[in-house]
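Understanding the architecture of this molecule
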Amino acid sequence: MIIVGASGDLTKRKLIPGLFDLARKGMLPSRFAVLGVSRTDMDDDAFREHLLEGMNRFGQIGKSEKDLWNGFSRQLFYHAADPSDHSSYQALSETITAIRKRGQIGPHLLWYLSTPPRLYEPIVELLGASGMNRSSEADGWVRIIIEKPFGYDLESAKELNRKVLSVFDEEQVYRIDHYLGKETVQNILVFRFANGIFEPVWNRNYVDHVQITAAETVGVENRGPYYDGAGALRDMVQNHMLQLLALTAMEPPVLFDARQVRDEKQKVFEAIRPIPSGAVALRTVRGQYAAGTVGGKEARGYLDEKEIPEGSTTETFVALKLTIDNWRWAGVPFYIRSGKRLPKRVTEIAIQFKRTPHRLFLDIPVERLGNNTIVIRIQPDEGISLRFGTKVPGATMKTRPVTMDFRYGASFGGRLADAYTRLIHDCMLGDPTLYARGDSVNAAWSLITPVQDAWKENETPVFPYESGTWGPEAADEMLDRDNRKWRRP
Ligand SMILES: NC(=O)c1ccc[n+]([C@@H]2O[C@H](COP(=O)([O-])OP(=O)(O)OC[C@H]3O[C@@H](n4cnc5c(N)ncnc54)[C@H](OP(=O)(O)O)[C@@H]3O)[C@@H](O)[C@H]2O)c1
């Protein structure tokens, strides 16, 4: 496995911990090596030290795992080179051959592109030009994992797809969206399709609307320059949140395999009605955090963060109303919101059901009865809850909503594996079910790009919101207009 961009943050924070977890579980092939490639000058030992320091810092290694690490780290190598320079590839090829020979490693090759996204195209091109996109042996495979973001807008995503597919076949390409590797996200499919009682009510006849929330308490931290060029719509909605929406809304696939699952998701993307530019002001809200207090701590505003250009209009909060034009979901809005510096870190999908058709308990105010809601909690406190009304014990007829709760921690104990562990392993096995296919990436951008264009033309203002609140009031007003309210998770 060759990690390009190996001196970076992702490698030490996620990729190496993910691989080490596979080693811990005995799931790595015995003849296996990782070669890190980037420009920073290091030898193998310095690379191993750098990674171990990351493992310790992020709490990814137990006190008793020293021997395991020592064995694992002997399979880690480093090659200093600029991957965007064609002259690097001859020496790189020689290093790969030498490592292969020494470890009797077979013919397969897994590339992991973990560089700044502007380098994906040139690197892919150079892999093609140097013949490293194909195995030299008949029984070998070459695959490539490409990190997010995949494109910047519809045009650049199409261009990147074109370039990648001129060098690799679609079966070789694994576009990673780490949300799909989360246990809780995979469980959406199990919850829906391995149980008989939910699917019959999972449609327009019973569901009033769906809310998908991804809230963070943190600000842009030290990712200011990257974030300012992206914003919440690109950073969260185009990939993670639309993937959650697709899993929530898709039809049951005929088989649980990569083609069938991804075909059904694609149909959802194609059925989402793009927001017409004239409706962008009514169906989207963008906001930017101002100073405030989060978790009892004072927080500065976005414009005062490090390396944020003066007067930036990048959104740190976004809310959207989407509709899906198909038989199952016609008339059911999907409200999506994501933001930084909100009061709570939570990602959840809430299915709000319609009220009862007949009000039997006339003395009880409608709002006390509430709606039945199924909440799938993606993170943290992973689990699923069902909210329903019950009678408060006593002589009078009073009701109160209560929840039935499933918690991963309580039912299964232990910590859930990180998404990267699962996804890297799937790629090694050649299973792309939990990766995004090229057509779905393009389809997601084709929903997002018209919103970006309308925003650019300044059809909607960027509303400031106080850090530590649930975003701008305009987001509440968007739901008020539909006689609905955002949940307060
Ligand atoms: N970090 C995360 O948690 C995270 C999460 C999701 C997705 N991602 C994505 O994963 C990718 C890698 O993220 P990261 O945080 O590891 O990025 P990073 O720390 O900024 O660096 C990635 C690597 O790219 C190399 N690089 C930078 N500029 C280069 C240039 N001009 N020419 C050649 N190499 C260059 C750097 O190595 P040298 O300077 O040594 O060459 C570095 O090792 C990005 O696309 C990011 O969007 C990251």
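Data block above holds the structure.
Bear in mind the structure is a predicted one, so any value in this text is a computation, not a measurement. (Residues numbered from 1 in each chain as written. Predicted model: local features only at pLDDT ≥ 70, side-chain atom pairs only at ≥ 80, totals over all residues. Heavy atoms only, no water.)

Another point: the site of the ligand. Neighbouring the ligand are 21 residues; Ser-7, Leu-10, Arg-39, Thr-40 and Tyr-120 lie closest to it. Separating an oxygen atom of the ligand from a backbone N or O atom of Gly-5 is a distance of 3.2 Å. A distance of 2.4 Å separates an oxygen atom of the ligand from a polar side-chain atom of Thr-40. For the ligand, whose accessible area on its own is 880 Å², the fraction buried by protein is 75%. (Near = heavy atom within 4 Å. Polar contact = N/O pair within 3.5 Å; in protein donor to acceptor, adjacent residues only side chain to side chain. Areas by Shrake-Rupley, 256 points an atom, 1.4 Å probe, with all protein chains shown as cover.)

This part takes up helix α5 (residues 120–129). By the burial criterion, the buried members of α5 are Tyr-120, Ile-123, Val-124, Leu-126 and Leu-127. Across the axial projection of α5, the buried residues extend over an arc of 165°, all falling on one side. Those residues of α5 hidden inside the fold are in contact with β1 (2–4), α4 (89–103), β4 (109–113), β5 (142–146) and α6 (154–167). Looking one or two places after α5, you find Gly-131, whose phi comes out positive at around 75°. (Buried < 20%, exposed > 50% of the residue type's maximum accessible area, 1.4 Å probe, protein only. Helix = DSSP H or I, 4+ residues; strand = E, 2+ residues; numbered from the N terminus. Arc of directions from axis to C-beta. Contact = heavy atoms within 4.5 Å.)

Moving on: the sheet that holds strand β6 (residues 173–175). Strand order in this open sheet of six strands is β3-β2-β1-β4-β5-β6, and the pairing throughout is parallel. Bordering the open sheet on either side are β3 (76–80) and β6, each of which pairs with just one other strand. Between one strand axis and the next, the sheet turns by 20° as a mean value, whatever way the strands run. Judged from the five bridges that link them, β4 and β5 form a sheet pairing that is parallel. Residue pairing across strands places Tyr-112 opposite Ile-145, the latter belonging to β5. Strands β1, β4 and β5 of the sheet are contacted by α5, whose axis makes an angle of about 160° with β4. (Pairing = 2+ DSSP bridges. Axes fitted to C-alpha atoms, helices over the stretch in contact; angles between N-to-C directions.)

Remember that the coordinates give geometry; whether it matters functionally is a separate question.
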